[in-house]
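Here are the chains, one letter per residue:
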Amino acid sequence: MKPNEIDFDKLTFSFTQTRSMFVAKCNLGEEWESGELKPFENLNLSPAAVVLSYGQGLFEGMKAYRWDNGEIAMFRPEMNAKRAANGCTRLSMPEIPSSLFINGVKKVVRDNADYIPSTEQGALYVRPIIFGSGEGVGVAPSSEYSFIVYVSPVGPYFKGKLKPIKLVVTKDFHRAPLKGTGGVKAIGNYVPGMLPSSIAKSKGYAEVIYLDAAEEKYIEEVGAANFFAIIDNKLITPELTGSILPGITRDSVIHLAKTKLKLEIEERRISVDEALTADELFCAGTAAIIAPIGLISYEGKDYIFNDGNIGKITNELYNYLTGIQFGTSEDEFGWMAKI
Ligand code: PLP
Ligand code: COI
């Protein structure tokens, strides 16, 4: 689509094709090539590509913002580069160098700058993917890997900006076991969530809350966002045990709560029973930003938080985070990378 064909005021969290993408390859045992910008096009991939049978691949999710002063900026991209590199190791793929990752991301964002909505309308979602593109039939690492970055203008992930969402705790499905791949953005982590998510949506919930796979007692994550509770002026969030994705928004929220709101932080296990006593609840991620949780359904009963409204601390954290991301407040932690 051409930028002038897009209604930027009506963006949703969906894919719109843009001008270009970045592509780099790597043969097993060799260095990554430096890569190049190309027109956006379909891939030429063998049906025997290892990613198609065995899911050897990961993705990242980032946003580029167009500030009111015309500058384009991204939020902590070096953190995504680091997480992708860790994921490569876990998924037996050659580690992506941070310089290649950042260079690919910047090139695509710059080349598609006219697709970036204003911060009131949304952002340019940046989707780097790394996967085994070589052929193979045995369960073994691919002989060739591809790193691709594409972008899409997006609006909000959850409908209704800052409108508290309704979630349902599931005991029918787990997202990730301990010592599995939940701690990296493996592509295979996401398809198992589609069925629980669509069941939840058919019943009027925005997403599912997953519990720990061992005891079904402690909260892990909300679909594709990290979980937070405010109890007695403390910010409590599940500790990173390996089955939870180390969110970059999560890290930033913890930092903001500590430094700006002077809250005590507890990274530890939090049971559903404890969470249901919280003063405020929210979830956070790149796509979701900070989404207040107004209702949780657990074992057939509904629990309402803050009378279904956004909590004070949640709102403050949202304002601090988006102030930095949208360029309306000072970037005091040096989080924004100008593109
Ligand atoms: N948890 C999962 C499973 C995710 O997919 C994401 C999104 O990337 C997050 C949490 C939030 O992570 P981040 O804040 O880095 O986007
Ligand atoms: C993100 O927050 O960027 C994600 O990756 C979530 C998603 C799976 C849409």
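Scroll up for the structure.
Residues numbered from 1 in each chain as written. Chains lettered and ligands numbered in written order. Predicted model: local features only at pLDDT ≥ 70, side-chain atom pairs only at ≥ 80, totals over all residues. Heavy atoms only, no water.

1. Remarks on the pairing of strand 15 (residues 289-298)
Across the 10 residues that make up strand 15, a large majority, 10, are buried. Strand direction decides the pairing type here: strand 8 (residues 165-170) and strand 15, joined by 4 bridges, are parallel. Across the sheet, residue Ile 165 finds its bridge partner in strand 15, namely Ile 293. Hairpin connection, strand 14 (residues 280-285) to strand 15: the antiparallel pair is bridged by 3 residues. Where strand 15 meets strand 16 (residues 301-304), 4 bridges bridge the pair, whose relative direction is antiparallel. Across the sheet, Ile 296 pairs through a bridge with Tyr 303, a residue of strand 16. (Buried < 20%, exposed > 50% of the residue type's maximum accessible area, 1.4 Å probe, protein only. Helix = DSSP H or I, 4+ residues; strand = E, 2+ residues; numbered from the N terminus. Pairing = 2+ DSSP bridges.)

2. Things to note about the site of ligand 1
The environment of ligand 1 is formed by 15 residues, the closest being Lys 185, Tyr 190, Glu 221, Thr 249 and Thr 286. Contact distances for ligand 1 include 2.5 Å between an oxygen atom and a side-chain N or O atom of Thr 249. Between ligand 1 and Thr 286 there is a distance of 2.5 Å, counted from an oxygen atom to a side-chain nitrogen or oxygen. A total of 380 Å² of accessible area belongs to ligand 1 in isolation, and the protein chains cover 97% of it. Going through the elements one at a time, strand 11 (225-231) and helix 5 (248-259) are the ones with two or more residues in the shell around ligand 1. Tallied by class, residues from the shell around ligand 1 come to 5 nonpolar, 6 polar and 4 charged. (Near = heavy atom within 4 Å. Polar contact = N/O pair within 3.5 Å; in protein donor to acceptor, adjacent residues only side chain to side chain. Areas by Shrake-Rupley, 256 points an atom, 1.4 Å probe, with all protein chains shown as cover. Nonpolar A, V, L, I, M, F, W, Y, C, P; charged D, E, K, R; others polar.)

3. Points about the site of ligand 2
Surrounding ligand 2, one finds Phe 13, Phe 59, Gly 61, Tyr 125, Arg 127, Tyr 157, Lys 185, Tyr 190, Ala 224, Thr 286 and Ala 287. Within the side chain of Tyr 125, one N or O atom sits 2.6 Å away from an oxygen atom of ligand 2. Protein chains shield 89% of the accessible area of ligand 2, which is 290 Å² for the free molecule. For the shell around ligand 2, the domains that each give at least three residues are domain 1 (3-154) and domain 2 (165-325). (Domains from an automatic or database assignment.)

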